[in-house]
Number of protein chains: 2
Amino acid sequence: MKIGIVGYGNLGRGVECAVKENPDMELVAVFTRRDPSKVKIQLPNVPVVHVDEAKNWVGKIDVMILCGGSATDLPKQTPEFAKMFNVIDSFDTHAKIPEHFANVDAAAKANGHVAIISVGWDPGMFSLIRAYANAILPDGKDYTFWGKGVSQGHSDAIRRVKGVKNAKQYTVPIDAALDAVRSGQNPELTTRQKHLRECYVVLEEGADAAEVENAIKTMPNYFADYDTIVNFISEEELLTKHAGLAHGGFVIRSGKTGMQKENNHIIEFNLKLDSNPEFTTSVLVAYARAAYRLNQEGNNGCKTVFDIAPAYLAAQDGAELRAHLL
Amino acid sequence: MKIGIVGYGNLGRGVECAVKENPDMELVAVFTRRDPSKVKIQLPNVPVVHVDEAKNWVGKIDVMILCGGSATDLPKQTPEFAKMFNVIDSFDTHAKIPEHFANVDAAAKANGHVAIISVGWDPGMFSLIRAYANAILPDGKDYTFWGKGVSQGHSDAIRRVKGVKNAKQYTVPIDAALDAVRSGQNPELTTRQKHLRECYVVLEEGADAAEVENAIKTMPNYFADYDTIVNFISEEELLTKHAGLAHGGFVIRSGKTGMQKENNHIIEFNLKLDSNPEFTTSVLVAYARAAYRLNQEGNNGCKTVFDIAPAYLAAQDGAELRAHLL
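Calculation criteria
- Residues numbered from 1 in each chain as written.
- Chains lettered and ligands numbered in written order.
- Predicted model: local features only at pLDDT ≥ 70, side-chain atom pairs only at ≥ 80, totals over all residues.
- Heavy atoms only, no water.
- Helix = DSSP H or I, 4+ residues; strand = E, 2+ residues; numbered from the N terminus.
- Rg over C-alpha atoms; globule rule 2.2 N^0.38 Å.
- Buried < 20%, exposed > 50% of the residue type's maximum accessible area, 1.4 Å probe, protein only.
- Contact = heavy atoms within 4.5 Å.
- Areas by Shrake-Rupley, 256 points an atom, 1.4 Å probe, with all protein chains shown as cover.
- Lys, Arg positive; Asp, Glu negative; His and termini not counted.
- Charge placed at Lys NZ, Arg CZ, Asp CG, Glu CD.
- Buried area = accessible area lost by both parts, 1.4 Å probe.
- Salt bridge = Lys/Arg side-chain N within 4 Å of Asp/Glu carboxyl O.
- Polar contact = N/O pair within 3.5 Å; in protein donor to acceptor, adjacent residues only side chain to side chain.
- Nonpolar A, V, L, I, M, F, W, Y, C, P; charged D, E, K, R; others polar.
- Phe/Tyr/Trp six-rings, centres within 6.5 Å; stacked < 30°, edge-to-face > 60°.
- Lys NZ or Arg CZ within 6 Å of the ring centre and 35° of its normal.
- Pairing = 2+ DSSP bridges.
- Axes fitted to C-alpha atoms, helices over the stretch in contact; angles between N-to-C directions.
- Core = buried A, V, L, I, M, F, W, Y, C linked by side-chain atoms within 4.5 Å.
- Least-squares fit on C-alpha atoms with pLDDT ≥ 70 in both.
- Expected span 1.5 Å × (residues − 1).
- Parallel < 35°, antiparallel > 145°, perpendicular 65-115°, else oblique.

## Brief notes about the overall build of chain A
Looking only at helices and strands, one finds eleven helices and 14 strands in chain A. Here the C-alpha radius of gyration of chain A, 22 Å, is about what a compact globule of 326 residues would show, namely 20 Å. Taking the principal axes of its C-alpha atoms as reference, chain A extends roughly 65 × 60 × 35 Å. Each of the 326 residues in chain A was classed as buried or not, and the buried ones make up 57%. Look at the contacts in chain A between residues 6 or more apart in sequence, and 67% of them connect residues 24 or more apart. Carbon and sulfur atoms provide 48% of the accessible area of chain A, an area that totals close to 13,400 Å². Averaging the positions of the 35 positive and the 40 negative side-chain charges in chain A gives two centres separated by 2 Å.

## Details of the interface of chain A and chain B
Taken residue by residue, the interface counts 68 residues in chain A and 68 residues in chain B. Around 6,100 Å² of area is buried between chain A and chain B when both sides are counted, 65% of it from carbon and sulfur atoms. It is Met259(A), Phe306(A) and Leu326(A) in chain A that bury the most area against chain B; as a group they hold 14% of the surface buried on that side. With a shortest N-O distance of 3.1 Å, Lys261(A) and Glu21(B) are connected by a salt bridge. Where chain A packs against chain B, one counts 29 residue pairs in polar contact (both at pLDDT 80 or more). Listed by contribution, the elements that provide at least two residues to the side of chain A that touches chain B are helix 1 (10-20), helix 3 (97-110), helix 4 (125-136), strand 13 (263-273), helix 10 (276-296) and helix 11 (318-324) of chain A. Element by element, the count of residues in the side of chain A that touches chain B is highest for strand 13 of chain A, at eleven residues. Split into classes, the residues belonging to the side of chain A that touches chain B amount to 36 nonpolar, 16 polar and 16 charged.

## Section: the packing of aromatic side chains
Taken as a whole and judged by the stated rule, the model has eleven aromatic pairs over all chains. Between Trp121(B) and Phe126(B), the ring centres sit 5.3 Å apart and the planes meet at 75°, which makes this aromatic pair edge-to-face. Where Phe126(B) meets Phe269(B), the ring centres are 6.0 Å apart and the plane angle is 85°; that geometry is what we call edge-to-face. In this pair, Phe126(B) is assigned in helix 4 (residues 125-136) and Phe269(B) in strand 13 (residues 263-273), connecting sequence segments 143 residues apart. For the pair Phe126(B) and Phe269(B), a shared accessibility class is recorded, and that class is buried. Counting every residue linked through ring pairs, the aromatic cluster contains Trp121(A), Phe126(A) and Phe269(A). The cationic tip of Lys194(A) hangs over the ring face of Phe145(A); the distance from NZ or CZ to the ring centre is 5.1 Å.

## Details of unusual backbone geometry
With the exception of glycine, the majority of residues adopt a negative phi angle, and the majority of peptide bonds are in the trans configuration. Residue and element names in this part refer to chain A. Along the chain, Gly147 connects to Lys148 via a cis peptide bond; the corresponding omega equals -5°. Positionally, Lys148 belongs in the loop between strand 7 (140-146) and strand 8 (149-150). For Asn186, which is not glycine, the phi dihedral falls at a positive 45°. Take Asn186: it is sitting in the loop between helix 6 (175-182) and helix 7 (191-194). For Asn186, a relative accessible area of 24% corresponds to the partly exposed category.

## As for the sheet that holds strand 8 of chain A
The strands making up a sheet associate through backbone hydrogen bonding, with each pair oriented either parallel or antiparallel. All names here are of chain A. With respect to topology, four strands assemble into an open sheet ordered 8-9-10-11, the strand pairing being mixed. The open sheet is flanked by strand 8 and strand 11 (227-232), the only strands paired with a single partner. Its contacts with the sheet put helix 5 (residues 152-159) on strand 8, strand 9 (164-173) and strand 10 (195-203), and the angle it makes with strand 9 is roughly 145°.

## What to know about the nonpolar core
Counting residues in each nonpolar core, the largest one holds 169 residues, and the members touching the most others are Phe31(A), Met64(A), Tyr287(A), Phe31(B), Met64(B) and Tyr287(B). Beyond its immediate sequence surroundings of up to four residues, Met64(B) is in contact with Gly4(B), Ile5(B), Val6(B), Phe31(B), Ala54(B), Phe81(B), Phe85(B), Asn86(B), Val87(B) and Ile88(B).

## With respect to the relation of the copies chain A and chain B
Note on the identical chains: chain A maps onto chain B by a rotation of 180° and an axial translation of 0.0 Å, with an RMSD of 0.0 Å. On this basis, the relationship between the two copies can be described by a two-fold rotation axis. Looking at chain A, 100% of its interface residues are interface residues in chain B too, so the copies touch through the same face.

## Regarding helix 3 of chain A
For helix 3 of chain A, with 14 residues, the first-to-last C-alpha span of 20 Å sits near the 20 Å given by 1.5 Å per residue. For helix 3 of chain A, every residue scored as buried is listed here: Ile97(A), His100(A), Phe101(A), Val104(A), Asp105(A), Ala107(A) and Ala108(A). Where helix 3 of chain A is buried, its residues meet helix 2 (73-82), strand 6 (114-116) and strand 14 (301-303) of chain A together with helix 11 (318-324) of chain B. Positive backbone phi, approximately 70°, marks Gly112(A), located one or two places after helix 3 of chain A.

## Comments concerning the packing of helix 10 of chain A against helix 4 of chain B
In contact at an axis separation of 8 Å, helix 10 of chain A and helix 4 of chain B are set at 105° when each is read in the N-to-C sense. Relative to helix 4 of chain B, the element helix 10 of chain A is oriented roughly perpendicular. Contacts between helix 10 of chain A and helix 4 of chain B involve Phe279(A), Ser282(A), Val283(A), Ala286(A) and Tyr287(A) on the former and, on the latter, Tyr132(B), Ala135(B) and Ile136(B). Residues that form the contact of helix 10 of chain A with helix 4 of chain B fall into these classes: seven nonpolar, one polar and no charged.

Okay, here's the thing in structure tokens:
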């Protein structure tokens with residue numbers, strides 16, 4: 001299976017690692033918008049090519065893994081590349097998924113390709129668990145918690161505050177809320193009860209710490225509805241102690257069965273990830289295998305994790321799966 | 001969707017409850033080997049019919065849910081019923097799955113039906129998680145823990161000990177082992193380190209407690225390799241305090257990514273179930289929906305959870321799933 005990467009940031013690097021773990025896959029090229037001669041990748045003997053050259057690789061790449069951002073890159077790139085290749089993306093702007101799906105579906109269908117969008121852990125693995133758990137326990141309630149991990153959007157929001165030189169923001173799930181959910185009480189939880197926001201902030205010289213703290217804590221949408229902790233640290237500490245890419249989260253469904261609804265059941269899925277981008281790309285690569293196989297079977301169009309049978313992701317065949325994993 | 005139940009024990013009763021939760025399903029008949037006039041079911045206006053009459057219901061039932069045991073019932077029943085109906089079973093004799101699959105596949109294919117075998121939570125949901133987690137993290141290690149819950153096989157083994165009148169055995173996962181796995185150490189765990197066996201035993205009059213305890217603790221395969229706790233109690237206490245059907249368990253995969261394998265990830269799925277049979281049948285019923293839809297699309301043959309895309313289980317359509325659960 002010949003894999004191409006479009007975009008060489010954290011996700012692109014993650015795909016490089018993940019492909020190496022799968023002996024049935026080969027990375028054939030990395031496509032970039034930058035000057036290819038200035039992009040150094042980790043694997044030897046893999047060409048780095050300008051993204052405008054991608055059209056010359058049609059027929060030489062089985063699945064293109066799109067590693068751009070959801071805000072501006074993927075809405076354009078995924079439909080465009082789906083005309084030329086089978087593609088996978090990790091599009092995660094929830095409200096725009098129906099529109100993105102329709103655009104990608106049209107492009108993929110018209111050209112006989114398979115596109116799988118919104119792959120990763122949320123959306124992705126968490127979505128799968130929500131779908132399975134809802135189908136199994138129709139009378140129940142879903143809870144999703146994220147963290148502990150850095151939120152890029154919230155970190156960016158802090159950096160836009162006057163007087164802030166640099167910042168990282170951790171989203172932290174609150175144990176008491178998790179415990180209440182796991183107890184089967186099916187609690188109604190406010191935004192504030194579910195997550196805490198922990199900020200590490202480097203001030204610009206002469207900035208007023210109290211003012212900055214207040215500006216962060218009262219920021220609408222991002223922080224005002226949460227309990228927010230602001231820690232001021234040096235830039236050196238930020239770069240050394242808060243450079244990690246760890247993340248994780250929890251999906252829990254609590255639901256009732258029985259003629260009198262007398263029995264409660266808790267389905268919990270949780271992830272504890274040392275590297276958010278490397279785990280995300282491990283999921284992308286597994287779905288690349290599915291896209292390739294589905295296309296080989298004559299399928300086309302846009303799909304999500306809901307539409308893919310788990311066997312399509314596995315390196316093993318059906319008999320092996322039944323013998324060892326069932 | 002018209003559902004039939006074959007076998008009316010704990011699982012049959014569970015299917016009855018689960019069908020009630022799903023407005024797109026209707027229970028049309030319960031089939032039993034007993035005298036139908038002596039079988040009282042929970043729902044009104046549903047006929048109880050002798051199992052030999054099932055052939056007269058061909059065309060009136062979309063999916064037959066087989067609620068027999070794996071030891072002797074299902075190996076015969078599933079292939080036989082797959083000739084007449086789409087079927088679901090919860091066959092869980094691991095070593096015999098390949099043989100069962102082949103028998104059921106032949107019967108289902110020859111008659112244009114869909115059969116989904118080994119559905120439930122283990123095999124079933126746990127198998128799914130193992131498959132997804134293995135595909136995502138090829139370089140890792142799987143751990144499965146069961147409990148706390150009653151093991152029927154181990155309870156039966158105790159009841160066969162001379163001097164024992166009645167007994168229940170709980171399989172209990174050991175917290176220290178779970179913690180070691182969750183820490184990402186990828187420990188090698190012995191049988192003894194993973195699970196504890198807790199027994200509640202009612203002695204026959206005049207039986208020697210010490211002898212019974214020794215006979216249990218040294219029983220090969222069942223108890224000798226475990227730390228086993230034997231509690232002697234009255235029959236009244238056994239029937240009142242140990243009649244529950246609660247169960248649960250954990251599937252954890254711990255795996256590494258990165259060019260130097262420097263990052264570890266923990267994928268954990270766990271279940272805490274008030275009623276093992278009611279949860280199992282909630283899964284069976286969700287897969288009944290899938291069997292029906294797959295058959296409507298012209299599919300046939302034997303399948304397992306690995307072969308079914310999650311969307312087939314859901315009451316919602318694709319657009320709803322993408323909008324609300326992705």
